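Structural characterization, general
Chain by chain, the residues:
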Amino acid sequence: MEQHTWMEEALAEAAAAAAIGEVPVGAVVVCEGRIIGRGHNRCEIDHDPTAHAEMLALRAACAEIGDWRLEGCSLYVTLEPCPMCMGACLNARIARVVYGASEPKAGACGSVVDLRSPPGFNHRLEVCGGIGAEASAAMLKDFFRALRRKRQAPAEPG
């Protein structure tokens, strides 16, 4: 049940991303029963390809504890992480990644590539997918549907 509570927090972050026109992905880092880092997508606003929800949550968590190692921590994210974000999780020594919706175009937890335990790494990630998947997927579908409608709308006379 606890993982659903944390995923609700990640979904709230995803809603914050959607509210500012970003792809609605949200993430939280949890350690010892409390959130130590939060993030939502900011790539468009920050003009930064690394401003994914996971990266921002990881940075916030590291700042909170004063260390780049997040051993024993879990990352909850609404969408299956990409290779960049999974690489950061491996480097930070995240213990567990819990995600909502699968990402068939860039997912790195098995959908496209599998970076849960890449050869040569001494760290392995536990991964659990599908937690809050319906809510995560619905938020993404609604966002992209609205974006397509906006792009297809005739321009207003000026």
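Refer to the structure printed above.
To start, this report covers the structure provided alongside it. If you're wondering where the values come from, they're calculated on a predicted model, not measured in any experiment.

1. Observations regarding the overall build of the chain
Check the secondary structure of the chain and you find five helices and five strands. Order of helices (α) and strands (β) in the chain, N terminus to C terminus: α-β-β-α-α-β-α-β-β-α. A globule of 158 residues ought to have a C-alpha radius of gyration of about 15 Å, and the chain, at 16 Å, matches this closely. Across its three principal axes, the chain shows a C-alpha extent of roughly 60 × 30 × 30 Å. Considering only intrachain contacts with a sequence separation of at least 6, the fraction spanning at least 24 residues in the chain is 56%. Carbon and sulfur atoms form 52% of the exposed surface of the chain, whose accessible area is close to 8400 Å². Between the mean site of the 16 positive side-chain charges and the mean site of the 20 negative ones, the chain shows a separation of 5 Å.

2. Let's talk about the layout of surface pockets
If you add up the space inside the largest pocket, you get close to 280 Å³. In this structure, the largest pocket is lined by 16 residues; those nearest its centre are Val 23, Val 25, Asn 41, His 52 and Leu 79. Of the residues that constitute the lining of the largest pocket, the class distribution is eight nonpolar, three polar and five charged. Of the pockets and cavities examined, the second largest pocket occupies roughly 200 Å³. Considering the residues around the second largest pocket, the lining is formed by Val 23, Leu 79, Ser 102, Glu 103, Pro 104, Lys 105, Leu 140 and Phe 144. In terms of residue class, the lining of the second largest pocket is made up of five nonpolar, one polar and two charged.

3. A closer look at the pattern of salt bridges
Following the criterion strictly, the structure yields eight salt bridges and no others. A salt bridge links Arg 42 to Asp 46; its shortest N-O distance comes to 2.9 Å. On the accessibility criterion, Asp 46 (33% relative accessible area) is partly exposed. Several salt bridges share partner residues, and in doing so they unite Glu 9, Glu 13 and Arg 38 into one network.

4. Looking at the packing of aromatic side chains
Per the counting criterion, the structure on display carries one aromatic pair. When the ring of Phe 143 is compared with that of Phe 144, the centres are 5.1 Å apart and the planes differ by 85 degrees; the resulting orientation is edge-to-face.

5. Quick look at helix H4 (residues 83-92)
Cys 85, Met 86, Ala 88, Cys 89, Leu 90 and Ala 92 are the residues of H4 that are buried. A positive phi of about 65 degrees marks Arg 93, the residue just after H4.

6. A look at the sheet that holds strand E3 (residues 74-79)
Judged by pairing direction, the sheet is mixed, and its five strands sit side by side in the order E2-E1-E3-E4-E5 without closing on themselves. Looking at strand neighbours, the two that pair on one side only are strand E2 (34-40) and strand E5 (126-129), the edges of this open sheet. On average, each strand axis in the sheet is inclined to that of its neighbour by 15 degrees, with strand direction left out of account.

7. Digging into helix H3 (residues 53-65)
Counting along an α-helix, one turn takes 3.6 residues, and residues three or four places apart therefore face a common direction. The first and last C-alpha atoms of H3 sit 19 Å apart over 13 residues, in line with the 18 Å expected at 1.5 Å per residue. Looking only at H3, the buried set comprises Ala 53, Glu 54, Met 55, Leu 56, Ala 57, Leu 58, Ala 61 and Cys 62. Check the buried side of H3 and you find it contacts strand E1 (26-31), E2, E3 and H4. Once H3 ends, the next one or two residues include Gly 66, with phi positive near 75 degrees.

About the cut-offs
- Residues numbered from 1 in each chain as written.
- Predicted model: local features only at pLDDT ≥ 70, side-chain atom pairs only at ≥ 80, totals over all residues.
- Heavy atoms only, no water.
- Helix = DSSP H or I, 4+ residues; strand = E, 2+ residues; numbered from the N terminus.
- Rg over C-alpha atoms; globule rule 2.2 N^0.38 Å.
- Contact = heavy atoms within 4.5 Å.
- Areas by Shrake-Rupley, 256 points an atom, 1.4 Å probe, with all protein chains shown as cover.
- Lys, Arg positive; Asp, Glu negative; His and termini not counted.
- Charge placed at Lys NZ, Arg CZ, Asp CG, Glu CD.
- 1 Å grid on protein atoms, 1.4 Å probe; cavity = no way out; pocket = protein on both sides within 12 Å on 5 of 7 lines; lining within 4 Å.
- Points joined across faces, edges and corners; volume = space filled by probe spheres on them.
- Nonpolar A, V, L, I, M, F, W, Y, C, P; charged D, E, K, R; others polar.
- Salt bridge = Lys/Arg side-chain N within 4 Å of Asp/Glu carboxyl O.
- Buried < 20%, exposed > 50% of the residue type's maximum accessible area, 1.4 Å probe, protein only.
- Phe/Tyr/Trp six-rings, centres within 6.5 Å; stacked < 30°, edge-to-face > 60°.
- Pairing = 2+ DSSP bridges.
- Axes fitted to C-alpha atoms, helices over the stretch in contact; angles between N-to-C directions.
- Expected span 1.5 Å × (residues − 1).

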